[in-house]
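Residues per chain, in single letters:
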Amino acid sequence: MGVSFQIVKKLDRFSVDMEYSFEEGVLVIQGESGAGKTTVLNCIAGLKQPDRGRIAIDGRIVFDEKTNVPVKKRQIGYLFQNYALFPNMTVGKNVIYGIKNKEEYRDRKKRKELLEYADYIMDTFQITHLQKRYPEKISGGEKQRVALARAIVTRPKLLLLDEPFSALDMKTKEVVYEEFASLKKSLGIPTILITHDPQESKLFADHKIFMKDGKIV
């Protein structure tokens, strides 16, 4: 059923006014800094409320004139540019943070299944050995893997990535690119990726739009 969004949101210099839909794969959004790209992601995630519009994920309306589903119930994984890991939590606790907010976590059997899936994701991203470390004690590439694992472990209906690779050195990027490409193929989660990097766009984009002053150009 994919993702569709129509967003109108007034900002200081202009208004974001755009509409787009896609069924599957990765939508890459490009544009200069301040074009409104992150505002679009924040509106989809529920961190900002559009002035008007409609947002639907996997056939379920999460925002329109009558509906505004809370952030935690939108079933969205969001990887921020700065990773936003909790500094007072270990890597392991960071990864399972979203799981503990799910209703299924209260059921002992389902909780076991959720935690087993978390172990699988951490193993996939090769961060199992980091579980007891704190974010300040791991590298930038490791933080990126932890943040991506945390975003995916809740089995989201949509993945939002805001410049997720920009802070990595080239050697680390190459490794993470391979991991992300493999993950894209195996999990098949519709994804919206903001990037300034033409190589990332070329590698991952199934759909591509360019934004300027809040509009698709």
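Residues numbered from 1 in each chain as written. Predicted model: local features only at pLDDT ≥ 70, side-chain atom pairs only at ≥ 80, totals over all residues. Heavy atoms only, no water.

Participant: Please give an account of the nonpolar core that cites residues and values.
Facilitator: The biggest cluster of nonpolar side chains holds 37 residues, and the ones touching the most others in it are Val 95, Phe 125, Ile 127, Leu 148, Ile 152 and Phe 165. Contributing elements (two or more residues each) for this core: β3 (26-31), α2 (91-96), α3 (108-124), α4 (140-152), β7 (158-162) and α5 (170-187). Looking at this core, the element that brings in the most residues is α4, giving 6 residues. Residues in contact with Phe 165, not counting those within four places in the same chain, are Gln 144, Lys 173, Val 176, Tyr 177, Phe 180, Leu 193, Glu 200 and Phe 204. Val 62, Val 69, Leu 158 and Ile 209 belong to the second-largest nonpolar core, a separate cluster that totals 28 residues. (Core = buried A, V, L, I, M, F, W, Y, C linked by side-chain atoms within 4.5 Å. Buried < 20%, exposed > 50% of the residue type's maximum accessible area, 1.4 Å probe, protein only. Helix = DSSP H or I, 4+ residues; strand = E, 2+ residues; numbered from the N terminus. Contact = heavy atoms within 4.5 Å.)

Participant: Any chance you could break down empty space enclosed by the protein for me, citing the residues and the numbers?
Facilitator: Taken as a whole and judged by the stated rule, the model has 1 cavity of 30 Å³ or more. As for the largest cavity, its lining consists of Ile 152, Leu 159, Phe 180, Leu 183, Lys 184, Leu 187, Ile 189 and Thr 191. Ranked by residues supplied to the lining of the largest cavity, first place goes to α5 with 4 residues. (1 Å grid on protein atoms, 1.4 Å probe; cavity = no way out; pocket = protein on both sides within 12 Å on 5 of 7 lines; lining within 4 Å. Points joined across faces, edges and corners; volume = space filled by probe spheres on them.)

Participant: So, α5: which residues are in play, and what are the values?
Facilitator: Over its 18 residues, α5 extends 25 Å from the first C-alpha to the last, a length consistent with the 26 Å expected when each residue adds 1.5 Å. Listed in full, the buried residues belonging to α5 are Thr 172, Lys 173, Val 176, Tyr 177, Glu 179, Phe 180 and Leu 183. Looking at the residues trailing α5, positive phi occurs at Gly 188, about 65 degrees. (Expected span 1.5 Å × (residues − 1).)

Participant: A description of helix α1 (residues 37-45) should follow, citing residues and the corresponding values.
Facilitator: α1 sits mainly inside the fold: 8 of its 9 residues count as buried. Every buried residue of α1 is listed here: Lys 37, Thr 39, Val 40, Leu 41, Asn 42, Cys 43, Ile 44 and Ala 45. Downstream of α1 by one or two residues, Gly 46 has phi in the positive range, about 95 degrees.

Participant: Requested: an account of the packing of α4 against α5, with residues and values cited.
Facilitator: Between α4 and α5, whose axes approach to 10 Å, the crossing angle comes to 15 degrees. Put simply, α4 runs roughly parallel to α5. Handedness of the crossing formed by α4 with α5: right-handed. Seen from α4, the contacting residues are Gly 141, Gln 144, Arg 145, Leu 148 and Ile 152; seen from α5, they are Thr 172, Val 175, Val 176, Glu 179, Phe 180, Leu 183 and Leu 187. A class-by-class count of the residues in the contact of α4 with α5 yields 7 nonpolar, 3 polar and 2 charged. (Axes fitted to C-alpha atoms, helices over the stretch in contact; angles between N-to-C directions. Parallel < 35°, antiparallel > 145°, perpendicular 65-115°, else oblique. Left-handed = near helix turned anticlockwise from the far one by under 90°. Nonpolar A, V, L, I, M, F, W, Y, C, P; charged D, E, K, R; others polar.)

Participant: Describe the pattern of salt bridges, naming the residues involved and giving the relevant values.
Facilitator: Overall, the coordinates contain 2 salt bridges when judged by the stated rule. Notably, a salt bridge pairs Lys 157 with Asp 58, separated by 3.5 Å at the nearest N-O pair. Of this pair, Lys 157 sits in the loop between α4 and β7 while Asp 58 sits in the loop between β4 (52-57) and β5 (60-63), placing them 99 residues apart in sequence. A residue is classified by how much of its surface remains accessible, and Lys 157, at 35% relative accessible area, is partly exposed. (Salt bridge = Lys/Arg side-chain N within 4 Å of Asp/Glu carboxyl O.)

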